[in-house]
Amino acid sequence: MALKSVFRSLSFVSAIFAFVLMLTVSGQSASQTVLIPSPPQIAGSSYVLMDPKSGRIIMEENSNERLPPASLTKMMTAYIVERELDEGRISMSDMVPISVKAWKTEGSRTFIKEGTSVSVEDLLKGVIIQSGNDASVALAEFVAGSEGAFVDIMNQQAQLLGMKDTHFQNATGLPAADHFSTAYDLAVLARAIINDYPENYPIYAEKHFTYNNIRQPNRNSLLWRDESVDGLKTGHTEEAGYCLVASAKRNDTRFIATVMGTSSSEARSQEIQKMLNYGFRYYESERLFRAGQELIEAKVWGGQSDKLSVGMLEDAYVTIPRGSRNSLESSVDLDSVIKAPIRAGDELGRVKVSFNGEVLIDQPVLALTEVPEGGLFKRIWDAVKLFFVQLFQ
């Protein structure tokens, strides 16, 4: 009688898990074909359109080509400052002494003065909104002691973020030998800015900033043209051409678009707008699983409890053609036997979600709770039951 109960329990759990995945991923209606046109032609040296939640690339061309990034460099400068703020090593109200080097830095400026002190907040806004080279150098010196030391941190951070085709020589983006990045790497950096430090991200949407009685506009003209655009950064030098990394959010979907090497400030805005419009028209971002969401109660052998909650520790997103959620297919491969002790976070199998044969999610499913080992009698009794289960299987 006990053995029949075990088999019924296993069958019930498997059915419940299949049912949960069916409801969560596939829906209950039949799949349908979604027609999507080819991406628009983009007039730039390289470009990429990314969903920052899933990391999926919607469209790209030469996205790994190493090119001068101009002032898009300042995204990394700002990211490191934001990291320092988040970790409590500096604060927005800290006053930064302005050196002669920062004051004399050429190009776009915040117009800080040598011998004065400026708050980190004003300098960070100067970097992000005004693209101030002088503000960038001042922050670099404040964080690392010198711009050279700060550049070393920039390159280390680039590697940590997976920016494999990026190398910095300064904190500003002014022309320098061996100073390069790619459209893809800069989209990865934008993704980190948005996801890692959301409390500071609203700065990237500010249209004006006034310092030293000089009011300057944000050079990202899309902030005025498209209310869904809320960042990030422009760049321009003769060598780099006109570059732009922009992000926009409509409903629950966000995209990051990067274009490098366009012919004018107007051209970079137009090309980014084409990319964003294409992405939002034909694609959407879907959260399939929530962090900590129980996908199944798995059977545990030899534990103080016979059941274990299994799920994912992070939200799982997919980027799919609009209206195609019902075409998603899912599968799960759990360990055939789960024995106590189990710690929260232990990997117990994998879940896969695919669309038209393309795997969109292939991630581990983990124990959401712990199950300590049971007493001696419980372990012996479960071992006997498990022996017969495996024998008949």
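Model, not experiment: these values are computed from the prediction.

Enquirer: Now, about the overall build of the protein chain: what can you tell me, with residues and values included?
Expert: Counting its regular elements, the protein chain contains 10 helices and 16 strands. If one aligns the C-alpha atoms of the protein chain with their principal axes, the spans along those axes are about 85 × 50 × 35 Å. Contacts in the protein chain between residues at least 24 apart in sequence constitute 65% of all its contacts with a sequence separation of at least 6. As displayed, the protein chain offers around 18,200 Å² of accessible surface, 49% of which is attributable to carbon and sulfur atoms. Computed over 39 positive and 48 negative side-chain charges, the separation of the two mean positions in the protein chain equals 5 Å.

Enquirer: I'd like to hear about the packing of helix 2 (residues 74–86) against helix 4 (residues 120–128), residue by residue, with values.
Expert: Running from N to C, helix 2 and helix 4 cross one another at 155°; their axes reach a closest spacing of 9 Å. In terms of their interaxial angle, helix 2 and helix 4 are classed as roughly antiparallel. Considering how the two elements wind past one another, helix 2 and helix 4 form a crossing that is left-handed. The residues of helix 4 that touch helix 2, namely those facing Lys74, Ala78, Val81, Glu82 and Leu85, are Val120, Leu124, Val127 and Ile128.

Enquirer: Quick one: what's the story with the pairing of strand 2 (residues 57–61), residue by residue and with numbers?
Expert: Bridge count for strand 1 (residues 46–50) against strand 2 is 4 bridges, and the pairing is antiparallel. Residue pairing across strands places Met50 opposite Ile57, the latter belonging to strand 2. Remark: 6 residues form the turn of the hairpin made by strand 1 and strand 2, two consecutive strands paired antiparallel; Gly55 in that turn has positive phi of roughly 80°.

Enquirer: Describe the side chain of Arg83, with residues and values.
Expert: Relative to the elements of secondary structure, Arg83 occurs in helix 2. Here the side chain of Arg83 touches Gln157 through a polar contact of 2.9 Å, side chain to side chain. Not counting residues up to four positions away in its chain, the partners in contact with Arg83 are Arg89, Ile153, Gln157 and Tyr197.

Enquirer: So what's going on with a nonpolar patch on the surface? Residues and values would help.
Expert: A surface patch of nonpolar side chains, about 990 Å² in accessible area, is lined by Leu376, Phe377, Ile380, Trp381, Val384, Phe387, Phe388, Leu391 and Phe392. Among the structural elements, Leu376 can be located in helix 10 (residues 376–392). The class of Leu376 is exposed, set by a relative accessible area of 56%.

Enquirer: Let's hear about the environment of Ala138: which residues, and what values?
Expert: Considering the arrangement of structural elements, one finds Ala138 in helix 5 (residues 133–144). Since its relative accessible area comes to 1%, Ala138 is described here as buried. For the pair Ala138 and Ser117, spaced 21 residues apart in sequence, the C-alpha separation works out to 9.9 Å. Sequence-distant contacts of Ala138, defined by excluding residues within four places in its chain, comprise Val96, Ile98, Ala102, Ile112 and Leu123.

Enquirer: Mind laying out the packing of aromatic side chains, listing which residues take part and the relevant values?
Expert: For the coordinates displayed, the defined rule picks out 5 aromatic pairs. Geometrically, the ring pair formed by Tyr201 and Tyr204 is stacked, given 5.5 Å between the ring centres and 25° between the ring planes. Comparing Tyr201 with Tyr204 shows no difference in burial state: the two are buried. Ring geometry for Tyr278 versus Tyr283: centroids 6.3 Å apart, planes at 55°, classification tilted. Tyr283 matches Tyr278 in its accessibility class, with the two residues each being buried. Taken together, the ring pairs in this structure connect Tyr278, Tyr282 and Tyr283 into an aromatic cluster.

Enquirer: Can you explain the pattern of salt bridges? Please cite residues and give values.
Expert: Within this structure, the stated rule accounts for 20 salt bridges. Across the pair Asp165 and Arg66 runs a salt bridge, and its minimum N-O distance is 3.2 Å. You can see Asp165 sitting in the loop between helix 6 (147–160) and helix 7 (183–196) and its partner Arg66 sitting in the loop between strand 2 and helix 2, a full 99 residues away along the chain. Each of Arg83, Glu84, Glu87 and Arg89 takes part in one network of salt bridges that share partners.

Enquirer: Give me the sheet that holds strand 1: which residues, what numbers.
Expert: A sheet is described by the order of its strands in space; here 5 strands give the open sequence 2-1-9-8-7, paired in antiparallel fashion. Only two strands of the sheet have a single neighbouring strand rather than two, namely strand 2 and strand 7 (229–237). On average, each strand axis in the sheet is tilted by 5° relative to the strand beside it, whichever way the strands run. On top of the sheet, helix 7 reaches strand 1, strand 2, strand 7, strand 8 (241–250) and strand 9 (253–262); it is set at about 140° to strand 9, its chief contact.

Enquirer: Explain the confidence of the model for the protein chain residue by residue, including any values.
Expert: The pLDDT averaged across the protein chain works out to 89; a share of 91% of its residues lies at or above 70. Here residues 1–30 scores under 50 on pLDDT; set against residues more than four positions off or in separate chains, the count is 43 contacts.

Quick notes on the rules
- Residues numbered from 1 in each chain as written.
- Predicted model: local features only at pLDDT ≥ 70, side-chain atom pairs only at ≥ 80, totals over all residues.
- Heavy atoms only, no water.
- Helix = DSSP H or I, 4+ residues; strand = E, 2+ residues; numbered from the N terminus.
- Contact = heavy atoms within 4.5 Å.
- Areas by Shrake-Rupley, 256 points an atom, 1.4 Å probe, with all protein chains shown as cover.
- Lys, Arg positive; Asp, Glu negative; His and termini not counted.
- Charge placed at Lys NZ, Arg CZ, Asp CG, Glu CD.
- Axes fitted to C-alpha atoms, helices over the stretch in contact; angles between N-to-C directions.
- Parallel < 35°, antiparallel > 145°, perpendicular 65-115°, else oblique.
- Left-handed = near helix turned anticlockwise from the far one by under 90°.
- Pairing = 2+ DSSP bridges.
- Polar contact = N/O pair within 3.5 Å; in protein donor to acceptor, adjacent residues only side chain to side chain.
- Patch = residues over 30% accessible without salt bridge, like charges linked within 9 Å, V, L, I, M, F, W, Y side chains within 5 Å.
- Salt bridge = Lys/Arg side-chain N within 4 Å of Asp/Glu carboxyl O.
- Buried < 20%, exposed > 50% of the residue type's maximum accessible area, 1.4 Å probe, protein only.
- Phe/Tyr/Trp six-rings, centres within 6.5 Å; stacked < 30°, edge-to-face > 60°.
- pLDDT = per-residue confidence, 0-100.

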